[in-house]
There are 2 protein chains.
Amino acid sequence: MNAIDRLVLLFSKLPGIGKKSAGRLAYYILDADPSFAQNLAHELASLHGAIKRCSVCGSFTEDDPCAICTDTHRDTSILCVVERAQDVRVIEESREFQGRFHVLGGLIAPLEGIHPGDLTIGPLMNRVRTGGIREVILAMNPTIEGDTTALYIQKILKDLAVEVTRLASGLPVGGELEYADRLTLSRSFRGRVKL
Amino acid sequence: MNAIDRLVLLFSKLPGIGKKSAGRLAYYILDADPSFAQNLAHELASLHGAIKRCSVCGSFTEDDPCAICTDTHRDTSILCVVERAQDVRVIEESREFQGRFHVLGGLIAPLEGIHPGDLTIGPLMNRVRTGGIREVILAMNPTIEGDTTALYIQKILKDLAVEVTRLASGLPVGGELEYADRLTLSRSFRGRVKL
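The structure reproduced in this document is the subject of the present report. (Residues numbered from 1 in each chain as written. Chains lettered and ligands numbered in written order. Predicted model: local features only at pLDDT ≥ 70, side-chain atom pairs only at ≥ 80, totals over all residues. Heavy atoms only, no water.)

**Observations regarding the sheet that holds strand β4 (residues 100-103) of chain A**
Residue and element names in this part refer to chain A.
Next, step 1: Pairing within the open sheet is parallel, and its 4 strands lie in the order β4-β3-β5-β6. The strands lining the two open edges of the sheet, one partner per strand, are β4 and β6 (163-166). This sheet shows a mean twist of 25 degrees between the axes of neighbouring strands, independent of strand direction.
Next, step 2: In this sheet, strand β5 (residues 135-138) lies alongside strand β3 (residues 78-82) in parallel orientation, the contact comprising 4 bridges. Bridging across to β5, C80 finds its partner in I137.
Next, step 3: In this fold helix α4 (residues 85-94) packs onto β3 and β4, with an angle of close to 155 degrees to the strand it touches most, β4.
Next, step 4: Sheet contacts for helix α6 (residues 144-156): β3, β5 and β6; angle to β6, the most-contacted strand, approximately 170 degrees. (Pairing = 2+ DSSP bridges. Helix = DSSP H or I, 4+ residues; strand = E, 2+ residues; numbered from the N terminus. Axes fitted to C-alpha atoms, helices over the stretch in contact; angles between N-to-C directions. Contact = heavy atoms within 4.5 Å.)

Next up, the structure:
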């Protein structure tokens with residue numbers, strides 16, 4: 001196996017990159033200025049050394065605690081609970097949320113062997129108990145695992161003096177009724193709002 | 001800009017990778033075993049040192065001349081002319097062709113400043129003149145630039161004792177008439193074959 005084939009094989013392990021796309025990427029890099037390959041190699045080689053988990057919220061960061069957890073301009077009384085660190089990025093880019101985050105590190109999925117103890121639910125409880133938190137927003141994906149996890153967290157937070165909310169689920173903006181699946185449509189009915 | 005953002009920026013320069021996909025790739029690599037990032041970094045760093053252009057056909061190779069040019073089991077009397085080195089890979093994977101290749105390094109596109117002199121048309125002429133070649137198959141894409149380049153090469157090879165052919169163009173196998181664009185349909189009529 002030559003150097004191109006090895007690179008294609010590695011690229012094809014990335015999510016959403018098939019064998020053809022992997023080939024296209026490898027040849028693009030071969031055709032491009034060699035400095036591009038060098039820069040990419042350098043960033044990849046130093047990535048795991050530069051990035052760690054924030055010890056407070058669990059998101060990826062260069063400094064611990066992360067810039068969000070140490071930002072005094074943010075609302076410390078609202079906590080947004082997400083499945084993965086990349087969800088923090090997506091929500092930050094939307095600029096819709098000014099509180100802090102808590103990364104679960106997964107969703108409860110008994111069939112895949114992921115139980116509540118595998119997630120950062122203990123640390124979440126501690127943050128809620130000690131941190132003066134007024135509201136916990138559950139921002140897991142609206143999937144079976146997301147719903148299960150949200151239900152579980154809702155239950156264990158029930159006796160604490162904190163409001164627990166969940167992101168609205170329904171028709172995507174710009175989407176059409178015609179193309180919505182049955183479950184999404186069902187949710188959009190159940191979650192209908194008074195005008 | 002932190003290490004993740006720099007990696008996302010580099011990934012988003014790759015063809016077919018938007019900002020969202022680039023983010024997904026970066027976080028996948030962060031979540032994966034660090035050895036994956038290290039392996040990818042290593043392959044990228046050594047890529048341009050390991051791979052060169054074959055001095056005969058112009059395709060990418062670790063050894064010069066390449067494995068195809070030195071393979072004595074292949075038909076040396078047929079030359080397949082392609083635009084880019086990656087086209088060699090695509091054709092090789094189809095196992096449809098047992099001759100040798102010639103990589104042009106581009107297509108004639110006067111508006112983009114690419115003229116015949118910028119391509120390996122001189123070396124192609126030399127190969128045809130000296131190499132006992134019976135047939136030259138023009139395998140450029142069926143685009144305006146591909147057609148222009150094919151026409152140009154056909155003209156300059158006219159006086160040499162060599163047959164010049166072009167890959168058939170028409171409806172893709174498995175495709176439907178209904179979805180074919182007008183030009184493809186027009187080509188499939190002009191190139192219709194007797195049954």
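There is more to say after this.
**Describing the environment of A:H42**
Next, step 1: Within the secondary structure layout, A:H42 lies in helix α3 (residues 34-50).
Next, step 2: Considered as a pair, A:H42 and A:S59 are 17 residues apart in the sequence and their alpha carbons are 23 Å apart.

**Brief notes about the packing of helix α6 (residues 121-130) of chain B against helix α7 (residues 144-156) of chain B**
Residues and elements named next belong to chain B.
Next, step 1: It is at 11 Å that the axes of α6 and α7 come closest, and there the two elements cross at 40 degrees. With respect to each other, α6 and α7 are oriented oblique. Crossing geometry of α6 relative to α7 is assigned as right-handed. In this structure, α6 contributes I121, L124 and M125 to the contact, and α7 contributes Y152, I153 and I156.
Next, step 2: Tallied by class, the residues present in the contact of α6 with α7 amount to 6 nonpolar, no polar and no charged. (Parallel < 35°, antiparallel > 145°, perpendicular 65-115°, else oblique. Left-handed = near helix turned anticlockwise from the far one by under 90°. Nonpolar A, V, L, I, M, F, W, Y, C, P; charged D, E, K, R; others polar.)

**Description of the pairing of β4(A)**
Residues and elements named next belong to chain A.
Next, step 1: Going residue by residue along β4, you find R100 and H102 tucked away on one face and F101 and V103 tucked away on the opposite face as well.
Next, step 2: Where β3 and β4 come together, 4 bridges link them in parallel fashion. Across the sheet, residue V81 finds its bridge partner in β4, namely H102.
Next, step 3: For the crossover from β3 across α4 to β4, the handedness is right-handed. (Buried < 20%, exposed > 50% of the residue type's maximum accessible area, 1.4 Å probe, protein only. Right-handed = clockwise from strand over helix to strand, strands pointing away.)

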